[in-house]
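Residues per chain are reported as follows:
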2 protein chains.
Amino acid sequence: MAAAREPRRDLAAMLVPLGRALTAAELPLLAEHGLSMWAYAVLLRLEAEPLRSQAALAESIGADKTRIIEVLTALESRGLISRTPDPADRRVRLLALTPEGSRVRDAAQSAIQSREDRLLAHYLPPTQRTPFLTALATLSALPPESLTDPDL
Amino acid sequence: MAAAREPRRDLAAMLVPLGRALTAAELPLLAEHGLSMWAYAVLLRLEAEPLRSQAALAESIGADKTRIIEVLTALESRGLISRTPDPADRRVRLLALTPEGSRVRDAAQSAIQSREDRLLAHYLPPTQRTPFLTALATLSALPPESLTDPDL
DNA sequence: TATTGTTATACTCTATAACTATA
DNA sequence: TATAGTTATAGAGTATAACAATA
């Protein structure tokens, strides 16, 4: 007979609702900084490295190039990002955070993360907190193919 | 000066894409059993306890009562669930898993979880696996109000 | 001809409102 | 009248297709 498997809920069945609930809880924090979730995602992405096309940006944050345009337009008109044609190839846009954009992003992220820190501190035993965050970071850093791999 | 905060990505920014990727990777497994994600969610929910109204079921799995109807109809016509009017109040439906429904659910869940187990075994150090699962279970079991609590 | 960004269109998913049948 | 379930309609979010500018 097969080895007994300790019963647990499916990973996805835990991750997805938790992610949704957390997102919903954090939207008001973003709103205080005038940011939608997509706008915030853009600001976070531009933090990592300056980007050389809107399509590349869209793909890297899981959006698509058509629906990110109005987000970029709004951010640009607020002065949070700059969007200039690449002199080398004027079809593509160079996207960068402005100092003000950097400030707003940091303020928003600080609000988000300090709330998350309180949440973790309040509900998770200290011994689980670091392993949880480390494991989550590991899994979320996996390329999507890792999860789809049929040989897994 | 404020204490240095070890930089990390936002919790939600890790949870949501991971949940999506995992869901996408698992959809084909469900499809092999003829199940959509919502149908699977229904079967899982009916496992826990027999339910006494479609609206209650819908709410408990994060759907709404209108869009769950066709899912229930399909499951019923396949003989995976029974849907009978409550004799005490013929407006409400009593929802229960049939033996065949239980069989299909177990088969699907077994496929899902054994894949998840392989994923965890492959990418997570053994010392992190249990703490990760335990912490995730804890957080996902929190009532949504816990996350929204302004006093947190 | 191919590609970036944009605009326009279609589609899917979800939410709201109206309807029926019971109570 | 009020509620469970259903059906019909509307809306938001997303994806697809067509277009203009540049290469």
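Report on the accompanying structure.

Cut-offs applied
- Residues numbered from 1 in each chain as written.
- Chains lettered and ligands numbered in written order.
- Predicted model: local features only at pLDDT ≥ 70, side-chain atom pairs only at ≥ 80, totals over all residues.
- Heavy atoms only, no water.
- Helix = DSSP H or I, 4+ residues; strand = E, 2+ residues; numbered from the N terminus.
- Buried < 20%, exposed > 50% of the residue type's maximum accessible area, 1.4 Å probe, protein only.
- Contact = heavy atoms within 4.5 Å.
- Areas by Shrake-Rupley, 256 points an atom, 1.4 Å probe, with all protein chains shown as cover.
- Lys, Arg positive; Asp, Glu negative; His and termini not counted.
- Charge placed at Lys NZ, Arg CZ, Asp CG, Glu CD.
- Pairing = 2+ DSSP bridges.
- Near = heavy atom within 4 Å.
- Polar contact = N/O pair within 3.5 Å; in protein donor to acceptor, adjacent residues only side chain to side chain.
- Nonpolar A, V, L, I, M, F, W, Y, C, P; charged D, E, K, R; others polar.
- Least-squares fit on C-alpha atoms with pLDDT ≥ 70 in both.
- Salt bridge = Lys/Arg side-chain N within 4 Å of Asp/Glu carboxyl O.
- 1 Å grid on protein atoms, 1.4 Å probe; cavity = no way out; pocket = protein on both sides within 12 Å on 5 of 7 lines; lining within 4 Å.
- Points joined across faces, edges and corners; volume = space filled by probe spheres on them.
- Expected span 1.5 Å × (residues − 1).

## Observations concerning the overall build of chain A
- Looking only at helices and strands, chain A has seven helices and two strands in total.
- The helix and strand sequence of chain A, counted from the amino end, reads α-α-α-α-β-β-α-α-α.
- Principal-axis analysis of the C-alpha atoms places the extent of chain A at approximately 65 × 40 × 20 Å.
- Taken over 152 residues, chain A has a buried fraction of 42%.
- Residue pairs in contact within chain A that sit at least 24 positions apart in sequence constitute 50% of those at least 6 positions apart.
- Only carbon and sulfur atoms are counted for the fraction: they give 57% of the accessible area of chain A, which is about 8,200 Å².
- Each charge class in chain A was averaged separately, 18 positive and 19 negative side chains, and the resulting centres sit 4 Å apart.

## Here's the deal with the pairing of strand S1 (residues 81-86) of chain A
Residue and element names in this part refer to chain A.
- Pairing of S1 with strand S2 (residues 89-97) involves six bridges; the strand directions are antiparallel. Paired with Asp86 across the strands is Asp89, a residue of S2.
- Linking S1 back to S2 in an antiparallel pair, the connection comprises two residues.

## Observations concerning the protein's contact with DNA strand D
- Around DNA strand D there are 17 residues in total, and A:Arg67, A:Arg91, B:Gln54, B:Ala55 and B:Arg91 lie nearest to it.
- Atoms of DNA strand D within 4 Å of the protein belong to the sugar or the phosphate in 67% of instances, the rest to bases.
- At a separation of 3.5 Å, a base oxygen of DNA strand D approaches a polar side-chain atom of A:Thr66.
- Contributions of two or more residues to the surface near DNA strand D are made by S2 of chain A together with helix H3 (54-60) and strand S2 (89-97) of chain B.
- Looking at the surface near DNA strand D residue by residue, the class counts come to four nonpolar, four polar and nine charged.

## A look at the protein's contact with DNA strand C
- With respect to spatial proximity, 17 residues lie near DNA strand C, and among them A:Gln54, A:Arg91, A:Arg93, B:Arg67 and B:Arg91 are the closest.
- Near-protein atoms of DNA strand C (within 4 Å) split between backbone and bases, with sugar and phosphate holding 64%.
- Counting only elements with at least two residues in the surface near DNA strand C, the list comes to helix H3 (54-60) and S2 of chain A together with S2 of chain B.

## Observations concerning the relation of the copies chain A and chain B
- Once chain A is rotated about the relating axis by 180° and shifted along it by 0.0 Å, it coincides with chain B to within an RMSD of 0.1 Å. When the rotation and shift are considered jointly, the pair of chain copies conforms to a two-fold rotation axis. Among all residues of chain A, the minimum C-alpha distance to the rotation axis is found for A:Phe132, at 2.3 Å.
- A symmetric contact is evident, with 100% of the interface residues of chain A recurring at the interface of chain B.

## Regarding the pattern of salt bridges
- Inspection of the entire model under this criterion finds 16 salt bridges over all chains.
- Between B:Arg8 and A:Glu116 there is a salt bridge; the shortest N-O distance is 2.9 Å. Remark: A:Glu116 occurs in helix H5 (residues 99-123) and B:Arg8 occurs in the segment before helix H1 (11-32); the pair is interchain, linking two chains.
- The class for B:Arg8 is buried, based on a relative accessible area of 15%.
- With its nearest N and O atoms 2.8 Å apart, the salt bridge here joins B:Arg8 to A:Asp117. Of this pair, B:Arg8 sits in the segment before H1 while A:Asp117 sits in helix H5, placing the two residues on different chains.
- Taken together, the salt bridges that share partners define one network made up of A:Arg8, B:Glu116 and B:Asp117.

## Description of the layout of surface pockets
- There is about 1,300 Å³ of room inside the largest pocket.
- Secondary structure elements with two or more residues in the lining of the largest pocket: helix H1 (11-32) of chain A together with H1, helix H2 (37-48), H3, helix H5 (99-123), helix H6 (126-140) and helix H7 (144-148) of chain B.
- A per-class count over the lining of the largest pocket returns 23 nonpolar, nine polar and eleven charged.
- Looking at the second largest pocket, its volume works out to about 1,100 Å³.
- As for the second largest pocket, its lining consists of 37 residues, of which A:Ser60, A:Ile61, B:Arg9, B:Ala13 and B:Pro17 are closest to the centre.
- Mapped onto the lining of the second largest pocket, the elements with two or more residues apiece are H1, helix H2 (37-48), H5, helix H6 (126-140) and helix H7 (144-148) of chain A together with H1 of chain B.
- Examining the composition of the lining of the second largest pocket, we find that eight residues originate from one element, H2(A), more than from any other.
- Partitioning the lining of the second largest pocket into residue classes produces 22 nonpolar, six polar and nine charged.

## Quick word on H5(B)
- The end-to-end C-alpha distance of H5(B) is 36 Å, a good match for the 36 Å that 25 residues give at a rise of 1.5 Å each.
- B:Gly101, B:Val104, B:Arg105, B:Ala108, B:Gln109, B:Ile112, B:Gln113, B:Arg115, B:Glu116, B:Leu119 and B:Leu120 are the residues of H5(B) that are buried.

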